[in-house]
Structure formats: structure tokens, C-alpha cells
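Descriptive analysis of the structure
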Amino acid sequence: MDRRSFLGAASTAATLPFLFSAVGAGAEAVAPKPLFANNPRLTPFRGFAGQDVACDNVAVEGKIPAALRGVFYRNGPGLFERGGQRYQHWFDGDGLLNAWRFTDKGVSHQAKFIRTEKFVAESEAGEFLMPSFGTAIKAKRPVKNSDSANTANTNVVRLGDRLLAMWEGGSAYDLDPQTLATRGVVTWKPELKAMPFSAHPKVEADGTLWNFGSAGFGKIVLYHLSAAGEMLRYHLLDSPPSAMVHDFAVSQKHIIFLLAPVTMDRDALKAGGSFGESLRWNGKESVKVLVVEKADFTKQVVMEMPAFMVFHFGNAWEINNMIRVDFVKSDSLDIMREYMPRLMRGESVAAAASNACFMKIDLSRRQCSMETRSESVEFPRIDPRFVAQRNRMVFYPSYVGHDPSSRFNSVLRVDTETGKTDRYTFGDDVQLEEHIVVPKPDSLKEGVGWLIGVGFDQARQQTFTTVFDALNLSAGPVAIARLPYWMPLCFHGNFYAA
Amino acid sequence: MKRSTSLNKLALAFAISASVSTTAYAADLTVEIKGLTSGNGQVFIALYDKSEGWMKNGLKSVGTPAAKDGVTYEFKDLPVGEYAISIYHDENGNGKFDTNVAGMPIEAYGFSNDAMGNYGPPTFEQAKFKLGTDKKTITLNLK
Ligand SMILES: [Fe+2]
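Note that the structure is predicted; figures quoted are calculated from it, not measured.

Basis of the calculations
- Residues numbered from 1 in each chain as written.
- Chains lettered and ligands numbered in written order.
- Predicted model: local features only at pLDDT ≥ 70, side-chain atom pairs only at ≥ 80, totals over all residues.
- Heavy atoms only, no water.
- Helix = DSSP H or I, 4+ residues; strand = E, 2+ residues; numbered from the N terminus.
- Rg over C-alpha atoms; globule rule 2.2 N^0.38 Å.
- Buried < 20%, exposed > 50% of the residue type's maximum accessible area, 1.4 Å probe, protein only.
- Contact = heavy atoms within 4.5 Å.
- Areas by Shrake-Rupley, 256 points an atom, 1.4 Å probe, with all protein chains shown as cover.
- Lys, Arg positive; Asp, Glu negative; His and termini not counted.
- Charge placed at Lys NZ, Arg CZ, Asp CG, Glu CD.
- Salt bridge = Lys/Arg side-chain N within 4 Å of Asp/Glu carboxyl O.
- pLDDT = per-residue confidence, 0-100.
- Phe/Tyr/Trp six-rings, centres within 6.5 Å; stacked < 30°, edge-to-face > 60°.
- Lys NZ or Arg CZ within 6 Å of the ring centre and 35° of its normal.

Another aspect to go through is the overall build of chain A. In terms of regular secondary structure, chain A is built from three helices and 33 strands. For 498 residues, the compact-globule formula gives about 23 Å, and the C-alpha radius of gyration of chain A, at 21 Å, lands near that figure. The principal-axis extent of the C-alpha atoms belonging to chain A is close to 60 × 55 × 45 Å. Burial analysis of chain A (498 residues in total) assigns 64% to the buried set. Partitioning the contacts of chain A with sequence separation of at least 6, the portion at a separation of at least 24 is 62%. If you sum the accessible surface of chain A, you get close to 17,900 Å²; carbon and sulfur atoms cover 49% of it. Seen as two clouds, the 56 positive and the 54 negative side-chain charges of chain A have centres 1 Å apart.

Before going further, it helps to examine the pattern of salt bridges. Where charged atoms from two side chains of opposite charge come close, those side chains can pair. All names here are of chain A. One pass over the structure, following the stated rule, counts 39 salt bridges over all chains. Between Asp238 and Lys219 there is a salt bridge, and its shortest N-O distance comes to 2.7 Å. Taken together, the positions of Asp238 in strand β15 (residues 231–238) and Lys219 in strand β14 (residues 219–225) put the pair 19 residues apart, joining distant regions of the chain. For Lys219, a relative accessible area of 16% puts it in the buried group.

Let us look at the confidence of the model for chain A. Low pLDDT means the predicted atomic positions in that stretch should not be read closely. In this model, chain A carries an average pLDDT of 91, and 92% of its residues clear a pLDDT of 70 or more. Throughout residues 1–28 of chain A the model reports pLDDT below 50, and contacts reaching past four residues in sequence, or to other chains, amount to 101 contacts.

Evaluation of the coordinates by the stated rule reveals 32 aromatic pairs over all chains. Relative to Phe468 of chain A, the ring of Phe426 of chain A lies with its centre 6.2 Å away and its plane at 90 degrees, an arrangement referred to as edge-to-face. Of this pair, Phe426 of chain A sits in the loop between β28 (421–425) and β29 (430–439) while Phe468 of chain A sits in strand β31 (residues 462–469), placing them 42 residues apart in sequence. When its relative accessible area of 12% is taken as the criterion, Phe426 of chain A is described as buried. Taking the relative accessible area as the measure of exposure, Phe468 of chain A reaches 0% and is therefore buried. An aromatic cluster of three or more residues is present, and its members are Phe44, Tyr48, Trp54, Tyr88, Phe97, Tyr109, Phe111 and Phe124 of chain B. Positioned over the ring face of Phe297 of chain A is Arg233 of chain A, at 4.1 Å from the centre of the ring. Between Arg482 of chain A and the ring centre of Phe464 of chain A, over which it is positioned, the NZ or CZ distance is 5.8 Å.

What follows is the structure, encoded as C-alpha cells:
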């Protein structure tokens, strides 16, 4: 039993796989080819060569609302090639932090690569030195712990005076909210050094932050932080095992995980496969619905549902021992294992379906049920004032049309009480990222505010930000701010009012 | 959680430092350790002469004060044979090789040959080296 942890919990670890992983890894990353020459839709997947960019005065069409003032931070993988090697997976790239600033002078944009240990060392060397999530890069430097390969590339939240750039497998990186300069990894407590601090923390209206880290197969660490960024509590939980736990949900009283039947093929890993390549989908197994009490992390209930895959959650809330949780579901790991590597090779490929799903967890009867909508969506977000509270609306980038290889070309609002939708569709020339709700300062009503988000305009080869009236998407954007250049696509971000 | 790990066995191995053996043919082994990030605490060095007991019962183990520029230690009068070494930098001076709550190392460690394991520590075979009748110096890098 106690053999499992030497340098190593790694031997069974799920998201701490990078330790030692590359040593002796055989497979090499593919060489970059002019894959994108004929596919202008996929330009953002070329990535940057490590350069920081800025635009002080972004061209605005329409009018930015006078009350919309603040910073829209976004984070995503920005660099995919070095020294003749190209990453095979979108998740692999180094974190590139974006800040769109809305001020009385207009809109500005700044993007800066996060100076992780990995990015700094590889920039100096001019080649990849560390294993990555989805590409079997042979380690050329010792991989000391999970932070050795940390790209900090997935999400960004402000917490106290810190701007946290997060990844799934290691520590959060702390950045300067003004300059975006990297300050270093965050160690909440000595015994939490290099522990995974996942990229989808849930922040309640009062600033309380909940997060988790997947600390090995069957181990999840839960975190409870104050609005000021103090670690109030943490707990290492024995959980049903899943090798890929990306996001979770929080209700008034509970923390909810939907643990998909994903295992790690350790032989594939030992034979030199990357972490992502070594994941296995077990569609005959069940999803484990894990519900933990916020007030006592040692109290948990586990239920089961037939297999599905989930990456992202919108929200959870509960009334009378009945939890409602919404998320986006897909049938298997195909989006990650098939679709994304093909995109990264510059192929036009149809995405596997992912749909909005609404689950009821009856804690009294220990039963779960769910309903799935038909729209093609991802990246669900809600009005941030309603996190862990009863909400009615969920917002998504969505796809409509007939070109199966097109990506998200519309924004969608779903009213979960009436089932009605509100949608605006751009042309197929546009691919949209996650869109988020920015509440109007003078209203407490759900959805009263703006929906803002980033997109890539294929015809212009430019990246833009749009502002919608969040309760009237179909009217079209009230403003579009267009950069004179394109940016690699981001995963997630958040807005902080001035 | 189970924190009794083989990492802690590494620490244990130092505690159970075995007796000194002597034979006719003996040589001195100098161990140079580099890659320290501070001069705090001690560097612990465990010497093994066989794969049985690797990472558990060392032939010898010593602690020597850390120095940022590096640490040198000499083992005297070792019999001819095969050896392997594990080291760690007890930077906070608590006498333990510290791990985080998931059991991952958070203090620097290393092995002879700068051997790296694949999903775990290296084996004795990967870390072993030969010592003859002549003086020998080996260099290990903490990581
Ligand atoms: Fe995500």
C-alpha cells in the first residue's frame, strides 16, 4: 500500500502525471508543417511564437455602454511550436493572458505570456523541454513535480490582490493585475506546495471561493478560500476514481462532482504515451455523482448515472433536498481525443456533439435524473451574482447551420424555467469563445447586464470582443471592438468592474 | 491518509544507518552534490551496496550541512563493489523528506548517475556505479 506514494503518488496519479512521465518517453511530437495555409478558419491554432502584444486603442463599432468599465481577463494556450516540434493537442500550449480594458478612453488590449518555470526554460533553450498534456515530449530537464510542466493556461480569476492564472495539474500562478507580469506560483500552505488547484474555481457573490484539485486516482483535494484569498480549509477526499476531472459545481450547501468513467492506461503511459493519449473511455461504466457537504468535507454521498462525459458546469442550486445542476455533456472523450488533435493538425473536422444538460439530484431518495437539450453548445456561464444560488438563465456559445466543421457561430441564452431561447448568429466566418455575463451596476435582477465575449473573424483574420444586452441577444451586439491582429483562442476568463 | 510512503522510507533508511564493514581492498568515495537552491538545513546522503534494501536500509547514511554552492562528503574505506546513492535536501531542517498532502515530493532529491525513474523512483540498477580500489569522485544534482 505505502509504495504508492514515493515520488509518487505519481504511479497512480491522475492529474499529477507529469512527474517522471517523460523520462524514457519514446514518441516525439510531430514536426510543424504548413498545415494551415489553406485553412484560414484555423489560424488561431497556429499560436504565437512567444511574443507579447498590445493595442492601446481598439477600433470600436457601435457604442460601449458607459457603465461597462473594467477589465476582461482571459487565458488560453498561446504557443504550440518550438524548435521544429509542434504540440498535438490544444490543451498543451503555454498560457497567454489577455486583458481587454474598458475605460472612458475606449478599449485597449494586452496579451502577455505567463512566465511559468516551463515557459522561461523553454524560451531560453529554444525547444520544448517538458512533457505536455497531449504530446509525448521527451523531458530534457528533470521533472521535479507537477509544476515543472505547469502551463497556467486555462482560466483566470482575481482574488484579493492576486490575479490567478490556473491550470488543472498544478499550482495557480500569481500575476500582477495591472502589468500582467508573473509573480510566481501560489503556495497556500507549505503542505499544499505543488498541489493541483484546478482551473474552474467557483466564486460566490460574497467572494467566497471553492476549488478542488484532482490529487491522484480516487483522491480529490477540496479548497475553501475567503474573498481576501486566505485558505480557510482544505481536505483530501477519497472519491470514486476518474482520471479526468475538469470542473465541478457548487450549490448553497453542497459541492457536486460528476465523475466520468475515464481511466488511465498506465502501460500506455509507461510506454511513452502522453497523459492525454493514455486516457481511456469506459462507456459501459457509470458516471459517479459525488455530493459533498460544504460545511463538512468529510460528509459525502455517491450516486450513479449511465456513462457520459462532462467538461463544464454552469451552476448548481438546491431547494428541499433537491439539487439542480446544469452542465454540458458529450457522449465520450472523442472531443478531446479525436477532434482536438485533428484541429491542431489544421484539418477541417466536424466536432462531436456537446449539449446542455440539466440534472436533478434527489438527496432524499438518492436518485438522479437529467434532461438534455438539442442545441450544440459549450462553455456555459451564468450571471456571476447567482453562483451557488437559484438561477434561471444559462449563456453559451453555440453552433447553428449546415457546415459541420464550423465552430461556434452564435450566442445563446436558455431560460431554464420556460425552456425559451434567445440567440444571435454571426456568419460561419466567425468562431466564438466563451461569453460571460457582466451585471449592470444598478440592478440586482438576474441577467440585467451585458454578455461579453471574444471571437475570431476568419474573413478579416482578426480577433474581436462583442458586447450584447444579455437579455436581448437576438438584437445583435451593441458594440464590437476589433483588434488589428488575431489572437490564439482562449479557454476561459472573467470580468472585474473598475 | 497514508503518508507512510516509500519517501518516508527514504528518511527511514537514513535513520537505520547500517554498520560499517571492512575488507582488505578499500577506497574512498567523494560525493559532490550540486543544485542546492539555498544553504538552509542539511543534505542527507544514503549509500547502498545492494538492490535489496534500496530506498529502505542504507549501508551508511549521513547528514551534512547544506551550502548553496554545493556540498562535498567523503565516504572512507569502502570495499570494492557496486553502490548507489540517494540524496535529499532537508531544507527546513525538520529531519524529514517533505511531501505535499498528495505525497508528491516538495524538497529537492537526487540519485547517483542523476538517474530518473519513470513514474516512481529509479531502481538500484539505474543508480548504481562501480567502485574499485582507486579513489573516486561522483557528482549528483539535486532536482
Ligand atoms: Fe475549462
